[in-house]
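# Residue-level structural notes
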Amino acid sequence: MPYSNVSTAAYRHSFWAGFCNQYMMFVGLIILAKQNNYSQLLVESIRWKDTYGTNLQIRHDVFFDVVHWNSYYPNLPRIVTHNEDLLPDVSISGSDMSPRIKWKAMPMENSSRPYFVGEKQTSAVHAYLNYDKKVSKKSMERFSFEIDIMKDAFQPHPEIQAIIRGFLHGLNGNKGSDFMVLHARIEPDMQKHSRCLDLKVVSFQHIIRMLEAEFVDPPVSTVIVILNRELLEKEVENVRNNNNTLAEENLNVLNHILAQGLWGGRVKVIEAGSKLAIESKHGIYSKYSTLTGSIINFFMALQANIFVGTEVSSYSLALVKSRFFRNKHDNYFYVP
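The following refers to the structure shown. Remember, it's a predicted structure, so these values are computed and weren't measured experimentally. One numbering rule holds for all chains: residues counted from 1, following each sequence as written. Only residues with pLDDT of 70 or above have their local features reported here, since the model is predicted, and side-chain atom pairs are shown and tallied only from 80 upward, although totals for entire chains, interfaces and linings are computed over all residues. Side-chain calculation: all heavy atoms of the structure are included, whereas hydrogens and water are not.

Bringing the overall build of the chain into the picture now. In this text, helices come from DSSP runs of H or I with a minimum length of four residues, and strands from runs of E with a minimum of two, each type numbered from the N-terminal end. Of regular secondary structure, the chain possesses 14 helices and 13 strands. What you see for the chain is a C-alpha radius of gyration of 21 Å, in line with the 20 Å of a compact globule of 336 residues. With respect to the three principal axes, the spread of C-alpha positions in the chain is 65 × 45 × 40 Å. Here the term buried applies to any residue with accessible area under 20% of the maximum for its type, exposed to any over 50%, and partly exposed to those in between, with areas from a 1.4 Å probe on protein chains only. The buried share of the chain, reckoned over its 336 residues, is 52%. By definition in these notes, contact holds between two residues if any of their heavy atoms fall within 4.5 Å. Counting only contacts in the chain whose residues sit at least 6 apart along the sequence, the fraction spanning at least 24 positions is 72%. Of the roughly 15800 Å² of accessible surface on the chain, a fraction of 48% belongs to carbon and sulfur atoms. Here Asp and Glu are counted as negative and Lys and Arg as positive; His is not counted, and neither are the chain ends. The atoms used to mark charge sites are NZ of Lys, CZ of Arg, CG of Asp and CD of Glu. Each charge class in the chain can be summarised by its mean position, and for the 36 positive and 33 negative side chains these summaries are 3 Å apart. Here the globule rule reads 2.2 Å times residues to the power 0.38, and the radius of gyration is calculated from C-alpha atoms. Note on areas: Shrake-Rupley, 1.4 Å probe, and residue coverage restricted to the protein chains presented here.

Attention now goes to the packing of helix 5 (residues 158-169) against helix 13 (residues 289-303). Between helix 5 and helix 13, the least distance of the axes is 10 Å, while the angle of their chain directions is 55°. In terms of their interaxial angle, helix 5 and helix 13 are classed as oblique. Seen along the crossing, helix 5 lies across helix 13 with a hand that is right-handed. Residues I160, I163, I164, F167 and L168 of helix 5 form the contact with helix 13, whose participating residues are T292, I295, I296, F299, M300 and Q303. Across the contact of helix 5 with helix 13, the residue classes tally to nine nonpolar, two polar and no charged. Between N-to-C directions, angles span 0 to 180 degrees; the directions come from axes that are lines fitted to C-alpha atoms, helices contributing only their stretch in contact. An angle below 35 degrees is treated as roughly parallel, one above 145 as roughly antiparallel, one from 65 to 115 as roughly perpendicular, and anything else as oblique. Handedness of a crossing is defined here by the sense of rotation of the near helix relative to the far one, left-handed for an anticlockwise turn of less than a right angle and right-handed for a clockwise turn. Polarity classes work like this: nonpolar for Ala, Val, Leu, Ile, Met, Phe, Trp, Tyr, Cys and Pro, charged for Asp, Glu, Lys and Arg, and polar for all others, with Gly in that last group.

This part is about a nonpolar patch on the surface. On the surface, a nonpolar cluster with roughly 220 Å² of combined accessible area is contributed by L317, F333 and V335. Checked against the element boundaries, V335 lands in the segment after strand 13 (331-333). Residues form patches when they are more than 30% accessible in relative terms and have no salt bridge. Like charges link within 9 Å. Nonpolar side chains (Val, Leu, Ile, Met, Phe, Trp, Tyr) link within 5 Å. In the sections that follow, a salt bridge refers to a side-chain nitrogen of Lys or Arg positioned within 4 Å of a carboxyl oxygen of Asp or Glu.

In summary, the pairing rule links any two rings of Phe, Tyr or Trp, Trp by its six-membered ring, whose centres are within 6.5 Å, and it sorts them by plane angle into stacked for under 30 degrees, edge-to-face for over 60 and tilted for everything else. Under the definition given, this model contains 24 aromatic pairs. With a centroid separation of 5.9 Å and 40° between ring planes, the pair formed by F26 and W48 is classed as tilted. In this pair, F26 sits in helix 1 (residues 19-35) while W48 sits in strand 3 (residues 47-49), placing the two residues 22 residues apart along the sequence. We classify F26 as buried; its relative accessible area is 0%.

What follows covers the nonpolar core. The term nonpolar core refers to a set of buried residues drawn from Ala, Val, Leu, Ile, Met, Phe, Trp, Tyr and Cys, joined through side-chain atoms within 4.5 Å. Of all hydrophobic cores here, the largest spans 71 residues; its most connected members are W48, F63, F154, I224 and M300. Take this core: its biggest share by element is twelve residues, from helix 1. With 28 residues, the next largest nonpolar core counts V201, I208, L211 and F215 among its residues.

Here the expected length of a helix is defined as 1.5 Å per residue gap, with one fewer gap than residues. With 14 residues, helix 3 (residues 123-136) should cover 20 Å at 1.5 Å per step; its first-to-last C-alpha distance of 20 Å lies within 8% of that length. Packing partners of the buried residues in helix 3 comprise strand 1 (8-11), helix 1, helix 4 (144-153) and helix 14 (314-325). In the stretch just after helix 3, K138 is the one whose phi turns positive, near 60°.

Across the sheet, which stays open at both edges, the four strands sit in the order 5-2-1-8 with parallel pairing between neighbours. The open sheet has two edge strands with one neighbour each: strand 5 (78-80) and strand 8 (115-117). Pairwise comparison of adjacent strand axes, ignoring direction, gives a mean angle of 40° for this sheet. Pairing between strands is defined by DSSP: at least two bridges between the two strands are required. Bridge count for strand 2 (residues 40-42) against strand 5 is three bridges, and the pairing is parallel. Bridging from a neighbouring strand, Q40 pairs with R78 of strand 5.

Within the open sheet, the five strands sit side by side as 11-10-9-12-13. Their pairing is parallel. For this open sheet the edge positions go to strand 11 (268-271) and strand 13, each flanked by a neighbour on one side alone. Taken over all neighbouring pairs, the strand axes of this sheet differ in orientation by 20° on average, direction set aside. Sitting on the sheet, helix 11 (residues 245-260) touches strand 10 (222-226) and strand 11, and the angle it makes with strand 11 is about 125°.

On any regular strand, side chains alternate: one points to one face of the sheet, the next to the other face. Two strands pair when backbone bridges link them, and strand 6 (residues 90-94) and strand 7 (residues 99-103) are joined in this way by five bridges, in the antiparallel orientation. By the bridge assignment for strand 7, V90 is matched with W103. From the end of strand 6 to the start of strand 7, which pair antiparallel, there are four residues.

Printed below as a string of structure tokens:
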């Protein structure tokens, strides 16, 4: 329920692209809200895209723990549901899962219950990138509310947390386990990416060799590999047309280590992500398995004893940054 004595805003747009880019948009939205002194955000206006899956826009509280988030108010804006009496300048249409905002006051700038935030489609992501650049260059201090987000405030929905807990508890014969998360960013789109060529590694075999060379003895009993298997498999299906033999090699390496393990079979290798979302048979999360899988992988990686990723991936960088603020300092990047 919205508070009646503070300002509320609704986001004009919706998120797009992969999970990490959407996460940056979400943090950028919080930055915009704080800059404009908005104390509450309308949850129906915050929609995450199930990119590469159903491609539907789903409301924020389906995937994330809003009750926990709101316990950080006033350092973070409350996320609230629409109330027609308190917020008469908008109406909600569409389904509960995928709502649409209709603005009654036109032009929109005349709205105050709620205000609108996000003048352009790119306003939120640009707010985040400009802020992050300044923090990286040490020209400004990191906001305390972003530290709250990275440390604890931003959590998956309790039912997704339960899926993660059940999976991790089942490692090593229901005894729990120390584990590593390996973000193998070797999908076809990364092969074709033209930036950061001096840092990019797209051979899965090369990554595995580096991993076993860096840790002569197994540092964990389980390695969880996170990558987009579906994109890799689709590329391999079309390999005769595009001659991308590296994609076929990478898929073979993935299947081999899943079957045979690492460090001579002493370390089990498994996948989670979308596969885990589908196998959960949850009525919502198995349907929106692509976005749910990315959320599972992200929050599972935050808990890992060791994280291994790449500097050329915003996903890896976001994880390392968040892990730092959660006192998880065993983080590594593979390099050429």
